[in-house]
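Chain by chain, the residues:
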Amino acid sequence: DNVAVKERSTLVSVKGGTFHRGHGLSIGSLGEAGTTASVTHVHLADVTFVRTSNAARVKTWQGGRGYVMNVTFQNLTVDAVGTPIVIDQFYCPVSQHPEPCRNSS
């Protein structure tokens, strides 16, 4: 992640700048192993993403509890970005969980 906003973060502002490569701005991952987590009041504005996999991303583990609220993405510029906005509610990277994650929905 170029910028990682972790659980219990609040009043986060990223304004201006350029990110090259990486995963862009990520909120999370949140709720691993059924935990409760929250992130509030995040503002991302006037940022350029060049050849990143994502621009803005929210990652939550299935089975977790909590919330992400009052998030604003404003005036983002993307150039050769894989997926500009991602909301992943079944986050389960092999690097953190070598076996497949169980679907608990």
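Residues numbered from 1 in each chain as written. Predicted model: local features only at pLDDT ≥ 70, side-chain atom pairs only at ≥ 80, totals over all residues. Heavy atoms only, no water.

Student: Outline the sheet that holds strand β8 (residues 65–74), supporting the account with residue identities and numerical values.
Tutor: Hydrogen bonding along the main chain pairs the strands of a sheet, whether they run parallel or antiparallel. Within the open sheet, the 3 strands sit side by side as β2-β5-β8. Their pairing is parallel. Edge positions in the sheet fall to β2 (10–15) and β8, since each has one partner strand and no second. Pairwise comparison of adjacent strand axes, ignoring direction, gives a mean angle of 15° for this sheet. With 9 bridges connecting them, strand β5 (residues 36–45) and β8 associate as parallel partners. If you follow Val 42 over to β8, its bridge partner there is Val 71. (Pairing = 2+ DSSP bridges. Helix = DSSP H or I, 4+ residues; strand = E, 2+ residues; numbered from the N terminus. Axes fitted to C-alpha atoms, helices over the stretch in contact; angles between N-to-C directions.)

Student: Can you break down the packing of aromatic side chains residue by residue, with the values?
Tutor: Enumeration over the complete set of coordinates arrives at 2 aromatic pairs. Ring geometry for Phe 19 against Phe 49: centres 5.4 Å apart, planes inclined by 50°, an arrangement best described as tilted. Taken together, the residues span a long stretch of sequence, with Phe 19 in strand β3 (residues 18–20) and Phe 49 in strand β6 (residues 48–50) at a distance of 30 residues. By relative accessible area, Phe 19 is classed as buried at 15%. Geometrically, the ring pair formed by Trp 61 and Tyr 91 is edge-to-face, given 5.6 Å between the ring centres and 85° between the ring planes. Linking Trp 61 in the loop between β7 (54–60) and β8 with Tyr 91 in the segment after β10 (83–88), this pair joins segments that are 30 residues apart in sequence. Considered together, Trp 61 and Tyr 91 belong to a single accessibility category, that of buried residues. (Phe/Tyr/Trp six-rings, centres within 6.5 Å; stacked < 30°, edge-to-face > 60°. Buried < 20%, exposed > 50% of the residue type's maximum accessible area, 1.4 Å probe, protein only.)

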